[in-house]
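Examination of the molecular architecture
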Amino acid sequence: MKLRSIELEVPDRESAVRFLSETWGLLEAGARNNISYLRGTEDIPYIVSVAQAEETAVAAVTFSGSKPELERIRKRASAAGAPLGPVRDFDEPGGGSGYFLEGPEGHVFRFVTEKKRVKRLRPDRDRPMQVTHVVLNARDREACTRFAVEVLGFRLSDRTGFMNFVRCDRVHHAIAYAQADNSQLNHIAFEMTDIDAVMRGIGRLKDAGIESFWGPGRHGPGNNVFAYFVAPFGAAIEYTSEVQRVSSSYKTGTPHDWKWPPNRNDHWGVSPRNSAAISRAEREFRFRPLAVTSRA
Ligand SMILES: [Fe+2]
């Protein structure tokens, strides 16, 4: 199972696509039915879709897996009474068939069959490779984590004082739940080739008039280098690199394992953090309820 893409809706699709391609570094991968698709340099047909809509929203966070994996999740979701959409084919780059399902706080996930991949492009320090994790706000992160583990079949990698990190493959986390007073999108992380690529990205965004609101720094859980920004279309987005890959023997960390010395919030202890910008951006995108999604 692999985190594949995120499906966004925005009122000004054209300018969001312009930012994501010209400034953020993604490549346009076609458009259809009022939806633009963007890819990174990995062999994934697209990693972000941007649909024209009246309000900003997340339509889904998409995972790809084998047919048996999808069937197992569907069975467990059905047994758990989670809202489930019908199985259908998707008309999008990469195609595939699958379904939507909704987690306990309305987070919408989509599972699609692993279909033909596209050609991997040459690594480029000015372009993201792929989406490596999505962080979701949660009122009850423990209940959301239980759902991710018991229904989706993910594994808990780490718990800190306010976040739970779950994985679906060797990447330390595909989803993290951040304790919050809402259930909206917290941020989307794009994996870059290396730390230089993250630093170059910080420079490129600065040239475009966008300062990072947190970073550069290095996180504890996942050990990744990070820099966070607010995209002009409202979402909090992250450049990251060196994300830890873990094996099945990885020992799940506890809040006690991830305590920082006072006044520090990352390994380096130097990254400035603009809390006002964070709290604005990290509640901009709510999930579109599944009932609406599955009628589309
Ligand atoms: Fe992140």
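Let us look at the structure shown here. Since the model is a prediction, treat every value here as computed from it, not as a measurement. (Residues numbered from 1 in each chain as written. Predicted model: local features only at pLDDT ≥ 70, side-chain atom pairs only at ≥ 80, totals over all residues. Heavy atoms only, no water.)

Digging into the coordination of the iron ion
Those donors, His-133 (NE2), His-187 (NE2) and Glu-238 (OE), are the protein atoms that reach the iron ion, and they lie 2.0 to 2.2 Å from it. Written as a sequence motif, the donor residues of the iron ion are H-x53-H-x50-E. You can see His-133 sitting in strand β9 (residues 130-138) and its partner Glu-238 sitting in strand β16 (residues 236-241), a full 105 residues away along the chain. An identical accessibility class is assigned to His-133 and Glu-238; each is buried. (Donors = N, O, S within 2.8 Å, 3.2 Å for Na, K, Ca; no water. Helix = DSSP H or I, 4+ residues; strand = E, 2+ residues; numbered from the N terminus. Buried < 20%, exposed > 50% of the residue type's maximum accessible area, 1.4 Å probe, protein only.)

Things to note about the sheet that holds strand β15 (residues 225-230)
Strand order in this open sheet of eight strands is β10-β11-β12-β9-β13-β16-β15-β14, and the pairing throughout is mixed. Every other strand in the sheet has two partners, leaving β10 (155-159) and β14 (214-218) as the edge strands with one partner each. With direction set aside, neighbouring strand axes in the sheet form an average angle of 20°. Helix α4 (residues 195-207) rests against β14, β15 and β16 of the sheet, and its axis sits at about 145° to β16. (Pairing = 2+ DSSP bridges. Axes fitted to C-alpha atoms, helices over the stretch in contact; angles between N-to-C directions. Contact = heavy atoms within 4.5 Å.)

Section: the state of the cysteines
Applying the stated criterion to the full structure yields zero disulfides. Its sulfur unpaired, Cys-144 is 16 Å from the next cysteine sulfur, which belongs to Cys-168. Note on Cys-144: relative accessible area 0%, which makes it buried. By relative accessible area, which is 15% here, Cys-168 ends up buried. (Disulfide = S-S within 2.5 Å.)

A short note on the pattern of salt bridges
Taken as a whole and assessed by the stated rule, the structure comprises 18 salt bridges. Its salt-bridge partner being Arg-117, residue Asp-43 comes within 2.9 Å of it at the nearest N-O pair. Taken together, the residues span a long stretch of sequence, with Asp-43 in the loop between β3 (35-39) and β4 (48-52) and Arg-117 in the loop between β8 (108-113) and β9 at a distance of 74 residues. Put simply, Glu-114 and Arg-117 hold a salt bridge, and the shortest N to O gap is 2.9 Å. Sharing partners across several salt bridges, the network here consists of Glu-42, Asp-43, Glu-114, Arg-117 and Arg-120. (Salt bridge = Lys/Arg side-chain N within 4 Å of Asp/Glu carboxyl O.)

Description of the pairing of β14
Among the five residues of β14, four are classified as buried, and the element is accordingly described as predominantly covered. Sheet topology note: the β14/β15 ladder contains three bridges and is antiparallel. Following the sheet pairing, Trp-214 is matched in β15 by Tyr-228.

What to know about the pairing of β4
Here β4 lies mainly inside the structure; four of its five residues are buried. As judged from the five bridges shared by strand β1 (residues 2-10) and β4, these two strands associate in the parallel manner. Along β4, the bridge assignment pairs Leu-8 with Val-50. One ladder, built from four bridges, connects β3 with β4; its direction is antiparallel. From the neighbouring strand, Tyr-37 faces β4, where its bridge partner is Ser-49.

Thoughts on the side chain of Asn-164
Looking at the element boundaries, Asn-164 is found in strand β11 (residues 163-167). Residue classification places Asn-164 among the buried positions, given a relative accessible area of 0%. Within the local environment of Asn-164, its side chain forms a polar contact with the side chain of Arg-141, the two groups lying 2.6 Å apart. Beyond its immediate sequence surroundings of up to four residues, Asn-164 is in contact with Arg-141, Glu-142, Thr-145, Leu-156, Asp-158, Arg-159, Ile-175, Ala-176 and Tyr-177. (Polar contact = N/O pair within 3.5 Å; in protein donor to acceptor, adjacent residues only side chain to side chain.)

Here we look at helix α2 (residues 67-80)
In this model, α2 (14 residues) spans 20 Å end to end at C-alpha, consistent with the 20 Å of a helix rising 1.5 Å per residue. Every buried residue of α2 is accounted for by Leu-70, Ile-73 and Ala-77. Burial along α2 is one-sided: seen end-on, the buried residues are contained in an arc of 65°. In α2, the exposed positions angled more than 90 degrees off the buried face are occupied by Lys-67, Glu-71, Lys-75 and Ala-79. The elements touched by buried residues of α2 are β5 (57-65), β7 (97-102) and β8. Positive backbone phi, at 75°, marks Gly-81, one or two positions downstream of α2. (Expected span 1.5 Å × (residues − 1). Arc of directions from axis to C-beta.)

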